[in-house]
Amino acid sequence: MSLSMYQSSVSIFVPMLMNLKSLLEKAAAHCEGKKIDPAVLPTSRLFPDMFPLSRQVQIATDHAKGCAARLAGLEPPAYEDSEKTLADLIARVQKTIDYVNTFKPAQIDGSEERNIELKIGSHELKYIGHVYLLRFVLPNFYFHVTTAYNILRHNGVELGKGDFLNNLLK
């Protein structure tokens, strides 16, 4: 049995984004329960030279929507990156889930050799589909979701490994 590009992308992004949304919802409940201003957590960081929670979520969602679109030969939608609250971040994750869920296996399967070109800052990156997914997108996606989880844990939100993995185990 072989593993398809769709199974290796969309089938990973959606449950992990659902987990990320759940983490953010738990953070919102934590803020409400502890009477913490919900605008505090989106600006929280693990270390001064790291991106804050809001940017971690933005980058994770950008990787998911960008990968699905590029593997399907489409231009990914642009999001404004203007989220300031946990509710804004939750809405962004849900918007990304909804978008990624629009893709069907036939749109992505067979994209292993598709040429993928993207520009990040002043860098122009060129990949073929399977290298883009496996060596660029997935490591970056997991890094930013994990960092978001760690920022929330660091700030006292009661989360565990089960919260991180929940929808992947179903």
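What you are looking at is a predicted structure, and each value in this text was computed from that prediction instead of being measured.

1. Observations regarding the packing of helix α2 (residues 10-34) against helix α3 (residues 53-71)
Where α2 meets α3, the axes come as close as 10 Å, and the angle between the chain directions of the two elements is 160 degrees. One element, α2, and the other, α3, form an angle in the roughly antiparallel class. Seen along the crossing, α2 lies across α3 with a hand that is left-handed. Residues V10, F13, L17, L20 and L24 of α2 pack against L53, V57, A60, T61, H63, A64, C67 and A68 of α3.

2. Some details on the pairing of strand β2 (residues 123-128)
Taken together, the 6 bridges between strand β1 (residues 115-120) and β2 define a ladder with antiparallel strand orientation. Looking across to β2, one finds that I116 is bridged to Y127. If you look at the hairpin formed by β1 and β2, you'll find 2 residues sitting between the two strands, and G121 has a positive phi there, around 65 degrees.

3. Notes on the pattern of salt bridges
Taken as a whole and judged by the stated rule, the model has 7 salt bridges. When the shortest N-O distance is used, the salt bridge between E25 and K21 registers 3.9 Å. Residue E25 and its partner K21 are located together in helix α2, separated by 4 residues, close to a single helical turn. Salt-bridge contacts for R92 lead to D62; the nearest nitrogen and oxygen are separated by 2.6 Å. Note that R92 is positioned in helix α4 (residues 86-100) and D62 in helix α3, a separation of 30 residues in sequence. We classify R92 as buried; its relative accessible area is 2%.

4. As for the nonpolar core
For soluble globular proteins, nonpolar side chains are generally found buried alongside one another. One finds F13, L20, L24, L53, I108, Y132 and L152 to be the most contacted residues of the largest nonpolar core, which totals 50 residues. Elements with a minimum of two residues in this core: α1 (5-8), α2, α3, α4, β1 and α6 (129-154). Look past the residues within four positions of L53 in its chain and what remains in contact with it is L24, L41, P42, S44, L86, L89, A148, I151 and L152.

5. Quick notes on the packing of aromatic side chains
Taken as a whole and assessed by the stated rule, the structure comprises 7 aromatic pairs. For the pair Y99 and F103, a centre-to-centre distance of 5.2 Å together with 85 degrees between the ring planes defines the contact as edge-to-face. Of the two residues examined, Y99 and F103, each falls in the buried class. Stacked on the ring of Y79, the Lys or Arg K65 has its end atom at 4.4 Å from the ring centre. Note that K95 overlies the ring of Y79, its terminal NZ or CZ placed 4.0 Å from the centroid.

Each value, and the rule that gives it
- Residue numbers run consecutively from 1 along every chain, following the written order of its sequence.
- Confidence filtering applies because this is a predicted model: local features only for residues at pLDDT of at least 70, side-chain atom pairs given and counted only at 80 or more, and all residues used for totals across whole chains, interfaces and linings.
- Side-chain metrics in this entry use all non-hydrogen atoms of the structure; hydrogen atoms and water are not considered.
- Lines fitted to the C-alpha atoms define the axes, with helices restricted to the stretch that makes contact. Angles between their N-to-C directions range from 0 to 180 degrees.
- Here a helix means four or more residues in a row that DSSP labels H or I, a strand means two or more in a row labelled E, and each is numbered from the N terminus.
- Oblique is the label for any angle not under 35 degrees, not over 145, and not in the 65 to 115 range, which are roughly parallel, roughly antiparallel and roughly perpendicular in turn.
- Handedness of a helix crossing follows the sense of rotation of the near helix relative to the far helix, less than a right angle counterclockwise being left-handed and clockwise being right-handed.
- Working rule for contacts: check all heavy atoms of both residues, and any pair within 4.5 Å makes them a contact.
- Strand pairing follows a simple DSSP-based rule, namely that at least 2 bridges must link the two strands.
- Within this document, salt bridges are pairs made up of a side-chain nitrogen of Lys or Arg and a carboxyl oxygen of Asp or Glu, the two lying within 4 Å of each other.
- Per-residue accessibility, obtained with a 1.4 Å probe over protein chains only, is compared with the maximum for each type, and a residue is labelled buried under 20%, exposed over 50%, and partly exposed between these values.
- Within this scheme, the nonpolar core is defined by two criteria: the residues are buried Ala, Val, Leu, Ile, Met, Phe, Trp, Tyr or Cys, and they are joined through side-chain atoms within 4.5 Å.
- Stacked, tilted and edge-to-face are the three classes assigned to paired rings of Phe, Tyr and Trp, where Trp is represented by its six-membered ring and a pair needs centres within 6.5 Å; plane angles under 30 degrees give stacked, over 60 edge-to-face, the rest tilted.
- Only lysine NZ and arginine CZ atoms are considered, and such an atom sits over a ring when it is within 6 Å of the ring centre and within 35 degrees of the ring normal.

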